[in-house]
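Given next are the chains, with one letter for each unit.
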Amino acid sequence: MRKIALAMGVLLALSPPLAAGPKETPKNNADTRLALLQEKTIFHSGLTHAHTIALTFDDGPNAHTDEVLDALKEMHVKATFFIVGKEAHRHPEILARVAREGHLLANHSATHAFLGSRYDANPGMLLDQLRDVHDQIAPLMAKGDKFYFRAPYGEWKYAHAAILNADPELRRYVGPIYWDVGGDISMSRDGYVMSAADWDCWHLHWSARTCAKGYSREIRRKDGGVVLMHCIHLRSAELVRAVVPALIEEGYTFVRLDQMPEYRQYETPGDKGVADARPQRPQLQHLAALRPEDIK
Ligand SMILES: [Zn+2]
(Lines give C-alpha, C1' and ligand atoms only; values in the text may rest on other atoms or scores of the structure.)
Protein backbone atom coordinates (compact mmCIF):
# COMPACT_ATOMS: atom_id res chain seq x y z
CA MET A 1 0.00 0.00 0.00
CA ARG A 2 2.85 2.31 0.84
CA LYS A 3 4.28 1.77 -2.61
CA ILE A 4 0.98 2.74 -4.22
CA ALA A 5 0.61 5.83 -2.03
CA LEU A 6 4.14 6.84 -2.89
CA ALA A 7 3.50 6.31 -6.59
CA MET A 8 0.38 8.44 -6.45
CA GLY A 9 2.31 11.11 -4.60
CA VAL A 10 4.88 11.19 -7.37
CA LEU A 11 2.17 11.33 -10.01
CA LEU A 12 0.37 14.20 -8.32
CA ALA A 13 3.63 16.01 -7.71
CA LEU A 14 4.36 15.75 -11.42
CA SER A 15 0.91 17.00 -12.29
CA PRO A 16 1.58 20.68 -13.10
CA PRO A 17 4.41 20.14 -15.62
CA LEU A 18 2.55 17.18 -17.12
CA ALA A 19 -0.52 19.31 -17.72
CA ALA A 20 1.50 21.75 -19.80
CA GLY A 21 0.49 20.08 -23.07
CA PRO A 22 -1.76 21.49 -25.78
CA LYS A 23 -5.12 22.32 -24.21
CA GLU A 24 -7.37 25.22 -23.34
CA THR A 25 -6.15 27.88 -20.93
CA PRO A 26 -7.39 27.31 -17.39
CA LYS A 27 -10.37 29.47 -16.52
CA ASN A 28 -11.62 30.63 -13.17
CA ASN A 29 -15.09 29.26 -13.72
CA ALA A 30 -15.06 25.55 -12.82
CA ASP A 31 -17.77 24.76 -15.38
CA THR A 32 -15.74 25.98 -18.32
CA ARG A 33 -12.65 24.15 -17.12
CA LEU A 34 -14.47 20.88 -17.60
CA ALA A 35 -15.77 19.26 -20.74
CA LEU A 36 -17.71 16.24 -22.01
CA LEU A 37 -17.03 13.63 -24.66
CA GLN A 38 -14.68 15.44 -27.00
CA GLU A 39 -15.11 16.32 -30.67
CA LYS A 40 -11.52 15.27 -31.25
CA THR A 41 -9.75 12.16 -30.05
CA ILE A 42 -7.65 12.73 -26.92
CA PHE A 43 -4.09 11.91 -27.92
CA HIS A 44 -2.14 13.56 -25.12
CA SER A 45 -1.85 11.33 -22.04
CA GLY A 46 0.77 13.17 -20.03
CA LEU A 47 2.41 9.84 -19.15
CA THR A 48 5.32 9.80 -21.58
CA HIS A 49 8.59 11.02 -20.06
CA ALA A 50 6.97 10.47 -16.66
CA HIS A 51 8.11 6.86 -16.06
CA THR A 52 4.44 5.94 -15.70
CA ILE A 53 2.41 3.35 -17.62
CA ALA A 54 -1.33 2.83 -18.10
CA LEU A 55 -1.93 -0.65 -19.48
CA THR A 56 -5.16 -0.80 -21.51
CA PHE A 57 -6.67 -4.05 -22.76
CA ASP A 58 -9.22 -3.81 -25.57
CA ASP A 59 -11.90 -5.99 -27.15
CA GLY A 60 -12.66 -8.38 -24.27
CA PRO A 61 -13.75 -10.12 -22.31
CA ASN A 62 -13.31 -13.64 -23.62
CA ALA A 63 -11.84 -16.90 -22.27
CA HIS A 64 -8.25 -15.60 -22.63
CA THR A 65 -9.01 -12.55 -20.49
CA ASP A 66 -8.91 -14.81 -17.42
CA GLU A 67 -5.25 -15.62 -18.16
CA VAL A 68 -4.41 -11.92 -18.47
CA LEU A 69 -6.14 -11.28 -15.14
CA ASP A 70 -4.11 -14.08 -13.54
CA ALA A 71 -0.88 -12.48 -14.77
CA LEU A 72 -1.81 -8.99 -13.56
CA LYS A 73 -2.84 -10.38 -10.19
CA GLU A 74 0.53 -12.07 -9.71
CA MET A 75 2.32 -8.83 -10.60
CA HIS A 76 0.02 -6.63 -8.46
CA VAL A 77 -0.67 -4.37 -11.45
CA LYS A 78 -4.03 -2.64 -12.06
CA ALA A 79 -5.10 -1.86 -15.62
CA THR A 80 -8.02 -0.54 -17.69
CA PHE A 81 -10.19 -2.84 -19.81
CA PHE A 82 -12.06 -1.39 -22.79
CA ILE A 83 -15.06 -3.69 -23.03
CA VAL A 84 -16.99 -4.73 -26.16
CA GLY A 85 -20.67 -5.19 -25.29
CA LYS A 86 -21.40 -8.33 -27.29
CA GLU A 87 -18.40 -10.07 -25.69
CA ALA A 88 -19.50 -9.00 -22.23
CA HIS A 89 -22.94 -10.51 -22.85
CA ARG A 90 -21.21 -13.83 -23.56
CA HIS A 91 -18.81 -13.68 -20.59
CA PRO A 92 -20.55 -11.85 -17.73
CA GLU A 93 -18.57 -13.76 -15.10
CA ILE A 94 -15.24 -12.62 -16.56
CA LEU A 95 -16.52 -9.05 -16.82
CA ALA A 96 -17.39 -9.18 -13.13
CA ARG A 97 -13.96 -10.58 -12.30
CA VAL A 98 -12.21 -7.65 -14.04
CA ALA A 99 -14.03 -5.20 -11.77
CA ARG A 100 -13.70 -7.35 -8.64
CA GLU A 101 -9.91 -7.47 -9.01
CA GLY A 102 -9.57 -3.72 -8.98
CA HIS A 103 -9.25 -2.96 -12.67
CA LEU A 104 -11.16 -0.16 -14.33
CA LEU A 105 -13.94 -1.09 -16.75
CA ALA A 106 -14.28 1.19 -19.78
CA ASN A 107 -16.42 1.40 -22.91
CA HIS A 108 -15.33 0.22 -26.39
CA SER A 109 -18.81 0.05 -28.05
CA ALA A 110 -21.41 -2.71 -28.29
CA THR A 111 -20.21 -4.41 -31.48
CA HIS A 112 -16.73 -2.97 -32.08
CA ALA A 113 -18.33 -0.74 -34.68
CA PHE A 114 -16.47 1.53 -37.09
CA LEU A 115 -18.06 4.79 -35.91
CA GLY A 116 -18.03 6.67 -39.20
CA SER A 117 -20.33 9.48 -40.29
CA ARG A 118 -23.27 7.13 -40.97
CA TYR A 119 -23.78 7.12 -37.20
CA ASP A 120 -24.49 10.86 -37.27
CA ALA A 121 -27.41 10.19 -39.57
CA ASN A 122 -28.64 7.59 -37.06
CA PRO A 123 -28.08 9.08 -33.59
CA GLY A 124 -30.05 6.27 -31.97
CA MET A 125 -27.56 3.74 -33.30
CA LEU A 126 -24.65 5.72 -31.89
CA LEU A 127 -26.31 6.02 -28.49
CA ASP A 128 -27.02 2.27 -28.48
CA GLN A 129 -23.36 1.50 -29.20
CA LEU A 130 -22.24 3.15 -25.96
CA ARG A 131 -25.33 2.49 -23.86
CA ASP A 132 -25.15 -1.29 -24.24
CA VAL A 133 -21.69 -1.37 -22.68
CA HIS A 134 -22.53 1.30 -20.12
CA ASP A 135 -25.53 -0.68 -18.86
CA GLN A 136 -23.29 -3.70 -18.32
CA ILE A 137 -20.25 -2.05 -16.72
CA ALA A 138 -21.81 0.71 -14.62
CA PRO A 139 -23.43 -1.64 -12.05
CA LEU A 140 -20.08 -3.40 -11.54
CA MET A 141 -18.01 -0.26 -11.05
CA ALA A 142 -17.16 1.21 -7.67
CA LYS A 143 -19.00 4.31 -6.55
CA GLY A 144 -17.13 7.34 -7.84
CA ASP A 145 -15.34 5.43 -10.63
CA LYS A 146 -15.09 7.50 -13.78
CA PHE A 147 -16.19 6.50 -17.27
CA TYR A 148 -13.84 6.33 -20.26
CA PHE A 149 -14.50 5.56 -23.92
CA ARG A 150 -12.17 4.41 -26.69
CA ALA A 151 -13.45 4.34 -30.28
CA PRO A 152 -12.91 1.07 -32.17
CA TYR A 153 -10.18 1.50 -34.82
CA GLY A 154 -9.69 5.01 -33.42
CA GLU A 155 -12.51 6.12 -35.78
CA TRP A 156 -14.38 9.21 -34.56
CA LYS A 157 -16.36 12.12 -36.03
CA TYR A 158 -16.81 15.60 -34.56
CA ALA A 159 -20.60 15.37 -34.59
CA HIS A 160 -20.61 12.24 -32.40
CA ALA A 161 -19.78 14.29 -29.31
CA ALA A 162 -22.93 16.44 -29.37
CA ILE A 163 -25.16 13.39 -29.92
CA LEU A 164 -23.69 11.49 -26.99
CA ASN A 165 -23.42 14.51 -24.68
CA ALA A 166 -27.19 15.02 -25.00
CA ASP A 167 -27.59 11.80 -23.00
CA PRO A 168 -27.46 12.38 -19.22
CA GLU A 169 -25.43 9.21 -18.58
CA LEU A 170 -23.16 9.09 -21.63
CA ARG A 171 -22.15 12.74 -21.23
CA ARG A 172 -20.17 11.65 -18.19
CA TYR A 173 -17.63 9.84 -20.38
CA VAL A 174 -14.11 11.05 -20.95
CA GLY A 175 -12.97 10.20 -24.46
CA PRO A 176 -12.31 9.08 -27.03
CA ILE A 177 -9.01 7.98 -25.50
CA TYR A 178 -6.09 7.10 -27.77
CA TRP A 179 -2.75 5.47 -26.88
CA ASP A 180 0.98 6.22 -26.87
CA VAL A 181 2.42 2.73 -27.25
CA GLY A 182 1.27 -0.34 -29.20
CA GLY A 183 -0.05 1.26 -32.38
CA ASP A 184 2.17 -0.42 -34.93
CA ILE A 185 5.22 -2.53 -35.66
CA SER A 186 8.39 -0.75 -36.66
CA MET A 187 11.86 -2.10 -37.32
CA SER A 188 15.31 -0.55 -37.32
CA ARG A 189 17.40 -0.90 -40.49
CA ASP A 190 19.55 -3.51 -38.82
CA GLY A 191 16.61 -5.73 -37.94
CA TYR A 192 15.63 -4.75 -34.39
CA VAL A 193 11.94 -4.52 -33.60
CA MET A 194 11.52 -0.98 -32.22
CA SER A 195 7.77 -1.00 -31.59
CA ALA A 196 5.00 -3.58 -31.79
CA ALA A 197 1.21 -3.95 -31.92
CA ASP A 198 0.00 -7.25 -30.51
CA TRP A 199 -2.65 -7.90 -33.13
CA ASP A 200 -0.13 -7.43 -35.92
CA CYS A 201 2.36 -9.65 -34.07
CA TRP A 202 -0.13 -12.51 -34.00
CA HIS A 203 -1.00 -12.03 -37.68
CA LEU A 204 2.70 -12.32 -38.46
CA HIS A 205 3.04 -15.43 -36.26
CA TRP A 206 5.54 -13.69 -34.01
CA SER A 207 6.18 -15.16 -30.58
CA ALA A 208 5.08 -13.24 -27.49
CA ARG A 209 8.77 -12.79 -26.69
CA THR A 210 9.53 -11.06 -29.99
CA CYS A 211 6.40 -8.91 -29.75
CA ALA A 212 7.35 -7.98 -26.17
CA LYS A 213 10.68 -6.58 -27.37
CA GLY A 214 8.81 -4.06 -29.51
CA TYR A 215 6.54 -3.03 -26.65
CA SER A 216 9.37 -2.78 -24.13
CA ARG A 217 11.60 -0.74 -26.42
CA GLU A 218 8.84 1.72 -27.29
CA ILE A 219 7.90 2.12 -23.61
CA ARG A 220 11.52 2.76 -22.62
CA ARG A 221 12.08 5.16 -25.52
CA LYS A 222 9.01 7.19 -24.51
CA ASP A 223 9.61 6.57 -20.80
CA GLY A 224 6.00 5.56 -20.24
CA GLY A 225 2.60 6.13 -21.82
CA VAL A 226 -0.84 4.63 -22.39
CA VAL A 227 -0.15 1.14 -23.73
CA LEU A 228 -2.58 -0.52 -26.12
CA MET A 229 -2.91 -4.31 -25.84
CA HIS A 230 -5.71 -6.82 -26.28
CA CYS A 231 -6.84 -9.43 -23.75
CA ILE A 232 -8.51 -11.90 -26.09
CA HIS A 233 -5.71 -13.86 -27.78
CA LEU A 234 -4.04 -17.14 -26.89
CA ARG A 235 -0.74 -15.28 -26.37
CA SER A 236 -2.10 -12.16 -24.63
CA ALA A 237 -1.13 -13.27 -21.12
CA GLU A 238 2.30 -14.44 -22.27
CA LEU A 239 2.92 -11.00 -23.75
CA VAL A 240 2.00 -9.33 -20.46
CA ARG A 241 4.34 -11.65 -18.58
CA ALA A 242 7.15 -10.86 -21.04
CA VAL A 243 6.73 -7.07 -20.86
CA VAL A 244 5.69 -6.08 -17.35
CA PRO A 245 8.11 -7.63 -14.80
CA ALA A 246 11.23 -5.90 -16.20
CA LEU A 247 9.43 -2.54 -16.16
CA ILE A 248 8.42 -3.07 -12.53
CA GLU A 249 12.09 -3.74 -11.78
CA GLU A 250 12.97 -0.48 -13.53
CA GLY A 251 10.68 1.45 -11.21
CA TYR A 252 7.83 2.26 -13.58
CA THR A 253 4.54 3.22 -11.92
CA PHE A 254 1.39 1.53 -13.24
CA VAL A 255 -1.88 3.48 -13.17
CA ARG A 256 -5.50 3.14 -14.25
CA LEU A 257 -6.85 5.87 -16.54
CA ASP A 258 -8.70 7.45 -13.63
CA GLN A 259 -5.35 8.10 -11.92
CA MET A 260 -4.10 10.27 -14.78
CA PRO A 261 -4.10 14.02 -14.03
CA GLU A 262 -4.10 14.89 -17.73
CA TYR A 263 -7.62 13.55 -18.26
CA ARG A 264 -9.21 15.50 -15.39
CA GLN A 265 -9.72 18.52 -17.68
CA TYR A 266 -12.24 16.49 -19.68
CA GLU A 267 -14.46 15.44 -16.79
CA THR A 268 -18.14 16.31 -16.88
CA PRO A 269 -19.25 19.28 -14.77
CA GLY A 270 -20.79 18.19 -11.51
CA ASP A 271 -19.48 14.65 -11.83
CA LYS A 272 -17.07 14.76 -8.94
CA GLY A 273 -15.82 12.05 -7.12
CA VAL A 274 -10.63 3.77 -26.97
CA ALA A 275 -8.98 -3.22 -34.75
CA ASP A 276 -7.85 0.17 -32.99
CA ALA A 277 -4.41 -1.43 -33.31
CA ARG A 278 -5.09 -3.55 -36.29
CA PRO A 279 -5.20 -1.45 -39.41
CA GLN A 280 -3.93 -3.56 -42.30
CA ARG A 281 -1.01 -1.42 -43.34
CA PRO A 282 0.92 -2.20 -46.53
CA GLN A 283 3.98 -2.35 -44.29
CA LEU A 284 2.64 -5.60 -42.80
CA GLN A 285 3.09 -7.44 -46.07
CA HIS A 286 6.71 -6.37 -46.09
CA LEU A 287 7.15 -7.51 -42.52
CA ALA A 288 5.50 -10.82 -43.31
CA ALA A 289 8.42 -11.59 -45.62
CA LEU A 290 10.77 -11.59 -42.63
CA ARG A 291 11.44 -14.87 -40.88
CA PRO A 292 10.39 -14.47 -37.21
CA GLU A 293 13.66 -16.13 -36.12
CA ASP A 294 15.66 -13.37 -37.85
CA ILE A 295 14.08 -10.59 -35.80
CA LYS A 296 16.27 -9.18 -33.05
ZN1 LIG B 1 -10.73 -2.61 -30.37
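Going by the structure above, here's the rest.
Thresholds applied
Residues numbered from 1 in each chain as written. Predicted model: local features only at pLDDT ≥ 70, side-chain atom pairs only at ≥ 80, totals over all residues. Buried ≥ 20, exposed ≤ 12 C-beta atoms within 10 Å, placed from the backbone. Helix = DSSP H or I, 4+ residues; strand = E, 2+ residues; numbered from the N terminus. Pairing = 2+ DSSP bridges. Right-handed = clockwise from strand over helix to strand, strands pointing away. Axes fitted to C-alpha atoms, helices over the stretch in contact; angles between N-to-C directions. Parallel < 35°, antiparallel > 145°, perpendicular 65-115°, else oblique. Left-handed = near helix turned anticlockwise from the far one by under 90°. Contact = placed C-beta atoms within 7 Å. Nonpolar A, V, L, I, M, F, W, Y, C, P; charged D, E, K, R; others polar. Core = buried A, V, L, I, M, F, W, Y, C linked by C-beta atoms within 7 Å. Expected span 1.5 Å × (residues − 1).

Colleague: Would you take a moment to explain the pairing of strand 2 (residues 80-83) for this structure?
Modeller: A regular strand carries its side chains on alternate faces of the sheet. Burial along strand 2 is two-sided: the residues Thr80 and Phe82 and Phe81 and Ile83 are all buried. Relative to strand 2, strand 1 (residues 52-60) is paired through four bridges, and the arrangement is parallel. Bridge assignment links Gly60 to a residue of strand 2, and that residue is Ile83. Since strand 1 and strand 2 lie parallel, the crossover through helix 3 (residues 65-75) that links them has a hand, and here it is right-handed. Pairing between strand 2 and strand 3 (residues 104-107): four bridges, direction parallel. Across the sheet, the residue bridging to Ile83 is Asn107, located in strand 3.

Colleague: When you look at unusual backbone geometry in this model, what are you seeing that I'm missing?
Modeller: Negative phi is the rule for most residues except glycine; trans is the rule for most peptide bonds. A cis amide bond, omega 5°, links Gly60 with the succeeding residue Pro61. Mapped onto the elements, Pro61 comes out in the loop between strand 1 and helix 3. Pro176 follows Gly175 through a cis peptide bond whose omega is -5°. One can find Pro176 in the loop between strand 5 (173-174) and strand 6 (186-187). Residues other than glycine seldom take positive phi values, yet His76 does so here, at roughly 60°. If you trace the backbone, His76 turns up in the loop between helix 3 and strand 2.

Colleague: For this particular structure, what's the right way to read the packing of helix 3 against helix 11 (residues 236-249)?
Modeller: The geometry of a pair of packed helices is captured by two quantities: the angle between their axes and the separation between those axes. Relative to each other, helix 3 and helix 11 sit at 15°, their axes nearing to 9 Å. Considering the angle they form, helix 3 stands roughly parallel to helix 11. Helix 3 and helix 11 meet at a crossing whose hand is right-handed. Between helix 3 and helix 11, the residues in contact are Glu67, Val68, Asp70, Ala71, Leu72 and Met75 and Ser236, Ala237, Val240, Arg241, Val244, Pro245 and Ile248, respectively. Grouping the constituent residues of the contact of helix 3 with helix 11 by class yields nine nonpolar, one polar and three charged.

Colleague: Whenever I open this one, the nonpolar core confuses me. Can you help?
Modeller: As a rule of thumb, nonpolar side chains are buried together in soluble globular proteins. By size, the foremost hydrophobic cluster in this structure holds 78 residues, and its most contacted members are Ile53, Ala54, Leu55, Phe81, Ile83, Ala106 and Val227. Per-element accounting of this core gives the leading share, seven residues, to helix 11. Leave out the neighbours within four places in its chain, and Val227 touches Ile53, Ala54, Leu55, Thr56, Trp179, Val181, Gly182, Tyr215 and Ile219.

Colleague: Looking at this structure, how should I read the environment of Leu105?
Modeller: With respect to the secondary-structure elements, Leu105 resides in strand 3. Among the residues examined, Leu105 registers 25 C-beta atoms within 10 Å and is labelled buried. Note: C-alpha distance between Leu105 and Ala79 (26 residues apart in sequence) is 9.0 Å. Residue contacts for Leu105: discarding those within four places in its chain leaves Phe81, Ile83, Val98, Ala99, Ile137, Leu140 and Met141.

Colleague: Is there a simple way to think about the pairing of strand 8 (residues 224-230) in this case?
Modeller: In terms of burial, strand 8 is a largely internal element, seven of the seven residues being buried. Two elements, strand 1 and strand 8, share seven bridges in a ladder whose sense is parallel. Across the sheet, residue Thr56 finds its bridge partner in strand 8, namely Leu228.

Colleague: Would you mind going over helix 10 (residues 208-222) with me for this structure?
Modeller: Side chains of residues three or four places apart in an α-helix project in the same direction, reflecting 3.6 residues per turn. For helix 10, built from 15 residues, the straight-helix expectation of 21 Å at 1.5 Å per residue is met to within 8% by its first-to-last C-alpha distance of 21 Å. Looking at the packing, one finds that the buried side of helix 10 touches strand 1, strand 7 (193-195), helix 9 (198-203), strand 8 and helix 11. Positive backbone phi, at 55°, marks Asp223, one or two positions downstream of helix 10.

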